[in-house]
Amino acid sequence: MQGWRTVRRVAGGLFGRRRRVVRFRDQATRVHGRVHVEFIWAPGTEKAGSAYLSEDLGSNLVVDLGRETSARLLGGGPERNPSSYTAPDQVVNWILLGGNNPAPPDPESASDSALTHPISPATWKAIGAVTYPSDPDFKTVRFSTIYGEAEANFTLNEAGLYIGPRTLANPIGATLYARKTFGNITKTADFLLTFNWDIEF
């Protein structure tokens, strides 16, 4: 997975403290799919139920409207025509951080289901805000949250975005949606740590 990382220190930030901003952007392949068709002999015919023709038509194009709707569904926001749609509960609700271990995190993999060294339950954090930034190339949902001075004061090197009910007091059973590894960042009480996590369609 390709991507970029921005870490910015702001002097005299919120509450007179310095602030670090961590921003992750997933540059993986744009959402896509495939189409497969079959002609099945109808009931009452000699070969009823068997396939007459089975063919893979290849990749399809998910149009801009579909990508934008997917982004808004993930964030729990309305689609382009909110008058005809009732938004569900937000799907992604949590961030969990990892690190605090001399061993580095495992490389990111599509088969990941957990962080390598999760700092749990200390760094579970509910998403604080969901926005939909304008981007000429992607339909984007952005999940943001802030760890305060007293929170997540560890050496950090991975983060996970999780699906799970917001009503959970401790979402240990939540499902990993996205994962990011990065170089060590040491969080102390001198910093607020802001995450802006973009998912792009």
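Residues numbered from 1 in each chain as written. Predicted model: local features only at pLDDT ≥ 70, side-chain atom pairs only at ≥ 80, totals over all residues. Heavy atoms only, no water.

## Observations concerning the overall build of the protein
Then comes step 1: A count of helical and extended segments in the protein gives one helix and 11 strands.
Then comes step 2: Secondary structure elements of the protein, listed N to C terminal, follow the sequence β-β-β-β-α-β-β-β-β-β-β-β.
Then comes step 3: Relative to its full complement of 201 residues, the protein shows a buried share of 36%.
Then comes step 4: At a minimum sequence separation of 6, the contacts of the protein that also span at least 24 residues come to 65%. (Helix = DSSP H or I, 4+ residues; strand = E, 2+ residues; numbered from the N terminus. Buried < 20%, exposed > 50% of the residue type's maximum accessible area, 1.4 Å probe, protein only. Contact = heavy atoms within 4.5 Å.)

## Quick look at the pairing of strand β5 (residues 92-99)
Then comes step 1: Burial analysis of β5 places eight of its eight residues in the buried class, which makes it a mostly covered element.
Then comes step 2: Bridge analysis of β5 against strand β9 (residues 155-163) gives seven bridges, and the strand direction is antiparallel. Across the sheet, L96 pairs through a bridge with G160, a residue of β9.
Then comes step 3: Two strands pair when backbone bridges link them, and β5 and strand β6 (residues 125-126) are joined in this way by two bridges, in the antiparallel orientation. Residue W94 lies in a different strand from β6, and its bridge partner there is A126. (Pairing = 2+ DSSP bridges.)

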